[in-house]
Every structure is written in structure tokens, then in C-alpha cells.
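Below are the chains, spelled out letter by letter.
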Amino acid sequence: MPITPANGGSAETAETAVPSASEEPIMLELVDEDGTTIGTAEKVSAHLPPGRLHRAFSVFLFDQAGRLLLQRRALGKYHSPGVWSNTCCGHPYPGEPPFVAAARRTGEELGLAPALLREAGTVRYNHPDPASGLVEQEYNHLFAGLVRVAPRPDPEEIAEVAFVTPDELEKLHGEAPFSAWFMTVLDTARPVIRELTGAAAGW
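Residues numbered from 1 in each chain as written. Predicted model: local features only at pLDDT ≥ 70, side-chain atom pairs only at ≥ 80, totals over all residues. Heavy atoms only, no water.

Digging into the overall build of the chain
Right, so step 1: Of regular secondary structure, the chain possesses 4 helices and 10 strands.
Right, so step 2: In the chain, the order of α-helices and β-strands from amino to carboxyl end is β-β-β-α-β-β-β-β-α-β-β-β-α-α.
Right, so step 3: Since a compact globule built from 203 residues should have a radius of gyration of about 17 Å, the 16 Å found for the chain is in line with a globular shape.
Right, so step 4: Along the three orthogonal principal directions, the C-alpha set of the chain runs to about 45 × 40 × 30 Å.
Right, so step 5: Counting every position in the chain, which comprises 203 residues, the buried fraction comes to 52%.
Right, so step 6: Of all intrachain contacts in the chain linking residues separated by at least 6 positions in sequence, the fraction that spans at least 24 positions is 70%. (Helix = DSSP H or I, 4+ residues; strand = E, 2+ residues; numbered from the N terminus. Rg over C-alpha atoms; globule rule 2.2 N^0.38 Å. Buried < 20%, exposed > 50% of the residue type's maximum accessible area, 1.4 Å probe, protein only. Contact = heavy atoms within 4.5 Å.)

Next up, the structure:
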């Protein structure tokens with residue numbers, strides 16, 4: 001399981017930092033339990049306990065050997081810093097289609113475009129983050145796809161990346177901290193992941 005550290009500086013971006021009073025606030029799309037848009041809220045405020053249900057996305061990309069691309073979140077992230085998680089996750093801008101947001105953030109964070117990207121369902125969850133005290137109340141759109149080029153992670157977003165088999169993931173998951181939402185989104189996306197990677201990959 002080769003792990004590739006991200007290179008470069010450590011300055012925070014608008015995605016990683018809590019915005020100051022002088023910065024334009026990052027807005028999220030609030031939704032009801034059916035995923036229908038009902039309004040917007042500032043990003044950090046939507047994550048304060050008890051949290052406000054908002055739209056999100058999660059991406060799982062696999063290489064030609066069927067290994068999952070993981071990322072370890074940068075230490076500068078305001079939420080769940082330094083933990084391992086799926087290939088890419090985030091929030092669409094208000095009015096932005098989740099598929100477009102998923103492709104956009106994959107490029108911004110990992111410097112690559114998926115060779116294939118398809119919908120893998122939705123999942124609604126409530127996951128508190130004990131380390132930060134924030135809460136993930138999300139209606140999450142899942143995507144799975146294939147990658148054919150080496151990632152070039154942005155160090156302001158990602159500390160390191162790794163391609164893992166299911167056995168390597170199980171070992172790493174037992175040894176290192178992962179995002180609170182990781183297993184929820186992975187298990188929901190597994191049917192499409194298995195279609196993409198084939199039975200031999202073991203997902």
C-alpha cells in the first residue's frame with residue numbers, strides 16, 4: 001500500500017479554513033429529508049450542533065487493479081483534519097448539480113479527471129465529529145468511478161494519498177483514524193463499486 005504525501009505549502013484555502021469576517025461566506029444548500037432544496041446556510045454554521053441537513057457528495061475512484069484511492073485530509077481542515085477518508089468529498093454550491101460538484105472538487109483536490117464517473121446512490125446520515133465538536137447532517141450524493149492517471153494532490157487539502165485493496169483498507173482502518181462518515185458512504189456505494197471493479201477486486 002504505497003502512500004504518497006502531498007507536496008507544497010500548508011496555507012489554508014477557503015475550503016479548509018473557517019472564513020474570517022472579511023471573506024465571502026461559503027454557502028451550502030439546505031435540504032429536507034427527501035433531498036429537496038429548502039434554502040441555504042453558511043458552511044460552518046450548518047455544521048454547528050445539532051447541525052442542519054444539507055447537500056453533500058462523496059467520490060470513490062479506483063485504479064485499473066481495482067484499488068480504492070484514499071486521501072488523508074490536510075491538518076489545516078476545519079473539520080476532521082488529518083483523518084483518512086474516501087477519494088473526495090464536499091458540498092455543491094447552491095444550485096450546482098452534485099455530479100458537477102464532484103467532478104470539480106476531484107480536479108481541485110487531486111489534480112485529475114476521472115476516466116469514468118457514475119452515480120452510486122444517496123445516503124442521509126447524522127455523524128458527530130468528537131474531535132471538532134461539529135456535526136455532519138448530510139444528504140449525500142455518492143459517485144464511483146475509475147482513474148487512469150496518478151493523482152497530484154493539493155497539499156492545502158490533502159496530506160497524503162494511497163491506493164488500497166479491501167484487505168489493506170481493513171488493516172489501515174484498524175490502525176488509523178478515519179472520517180466518521182467513511183464506512184456509511186462506502187457501504188452504500190458498494191453495489192455500484194462492485195459493478196465497476198468486478199468480482200476479483202473484492203469490494
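Structural notes on the UniProt feature "active site" (unreviewed entry) in the chain
Right, so step 1: Taken from the UniProt record, the annotation "active site" (unreviewed entry) applies to Cys89 and Glu138. Spanning 50 residues, the named residues nonetheless gather at one spot, since no C-alpha pair among them exceeds 11.6 Å. Looking only at the residues we just named, the largest cavity is lined by Cys89 and Glu138.
Right, so step 2: Counting through the fold element by element, glutamate 138 comes out in strand E9 (residues 134–146).
Right, so step 3: Assessed through its relative accessible area of 5%, glutamate 138 is described here as buried.
Right, so step 4: Residues within four places of glutamate 138 in sequence aside, it is in contact with His47, Leu53, His54, Ala56, His91, Val123, Arg124 and Tyr125. (UniProt positions renumbered as here; feature names shortened; annotations may be inferred. 1 Å grid on protein atoms, 1.4 Å probe; cavity = no way out; pocket = protein on both sides within 12 Å on 5 of 7 lines; lining within 4 Å.)

As for empty space enclosed by the protein
Picture a little ball the size of a water molecule; that probe, rolled over the atoms, points out where space is still empty.
Right, so step 1: If you walk through the whole model with that rule in mind, you get 2 cavities of 30 Å³ or more.
Right, so step 2: When its volume is computed, the largest cavity comes out at roughly 180 Å³.
Right, so step 3: Around the largest cavity, the lining is made up of 18 residues, and of these Arg73, Cys89, Gly90, His91 and Glu136 lie nearest the centre.
Right, so step 4: Of all the secondary structure elements, the ones that give two or more residues to the lining of the largest cavity are helix H1 (43–47), strand E4 (54–62), strand E7 (88–90) and E9.
Right, so step 5: Classifying every residue of the lining of the largest cavity gives 6 nonpolar, 6 polar and 6 charged. (Points joined across faces, edges and corners; volume = space filled by probe spheres on them. Nonpolar A, V, L, I, M, F, W, Y, C, P; charged D, E, K, R; others polar.)

Topic: the UniProt feature "binding site: Mg(2+)" (unreviewed entry) in the chain
Right, so step 1: Within the UniProt annotation, "binding site: Mg(2+)" (unreviewed entry) is assigned to Glu109.
Right, so step 2: Looking at the element boundaries, glutamate 109 is found in helix H2 (residues 98–110).

Observations regarding the side chain of glutamine 137
Right, so step 1: Turning to its location among the elements, glutamine 137 is positioned in strand E9.
Right, so step 2: Looking at glutamine 137, the relative accessible area reads 10%, which means it is buried.
Right, so step 3: For glutamine 137, the side chain forms a polar contact with the main-chain oxygen of proline 50, separated by 3.3 Å.
Right, so step 4: At 2.7 Å, the side chain of glutamine 137 and the side chain of arginine 124 are in polar contact.
Right, so step 5: Setting aside chain neighbours within four positions, we find glutamine 137 in contact with Pro50, Gly51, Arg52, Leu53, His54, Arg124, Tyr125 and Asn126. (Polar contact = N/O pair within 3.5 Å; in protein donor to acceptor, adjacent residues only side chain to side chain.)

Points about the pattern of salt bridges
Right, so step 1: Inspection of the entire model under this criterion finds 13 salt bridges.
Right, so step 2: Close ionic contact of arginine 104 with glutamate 108 constitutes a salt bridge, the shortest N to O distance being 3.3 Å. Remark: glutamate 108 and arginine 104 occur in helix H2; sequence separation between them is 4 residues, near one turn of the helix.
Right, so step 3: Assessed through its relative accessible area of 39%, glutamate 108 is described here as partly exposed.
Right, so step 4: Here the salt bridges do not stand alone but share partners, grouping Lys77, Glu96, Arg104, Arg105, Glu108, Glu109 and Glu157 into one network. (Salt bridge = Lys/Arg side-chain N within 4 Å of Asp/Glu carboxyl O.)

Things to note about the side chain of asparagine 140
Right, so step 1: Along the chain, asparagine 140 falls in strand E9.
Right, so step 2: Judged by relative accessible area, asparagine 140 falls into the buried class, the value being 0%.
Right, so step 3: Side chain to side chain, asparagine 140 and tyrosine 125 meet in a polar contact 2.8 Å long.

Observations concerning the nonpolar core
Right, so step 1: In this structure, Phe60, Leu68, Leu70, Leu169, Phe182 and Ile193 are the most contacted members of the largest nonpolar core, which totals 28 residues.
Right, so step 2: Contributing elements (two or more residues each) for this core: E4, strand E5 (68–73), strand E8 (116–129), E9, strand E10 (158–164), helix H3 (166–175) and helix H4 (182–197).
Right, so step 3: Sorting elements by how many residues they give to this core places H4 first, with 7 residues.
Right, so step 4: Not counting residues within four places of it along the chain, the set of residues in contact with leucine 68 comprises Phe60, Leu61, Phe62, Thr87, Ala162, Phe163, Val164, Leu169, Phe182 and Trp203. (Core = buried A, V, L, I, M, F, W, Y, C linked by side-chain atoms within 4.5 Å.)

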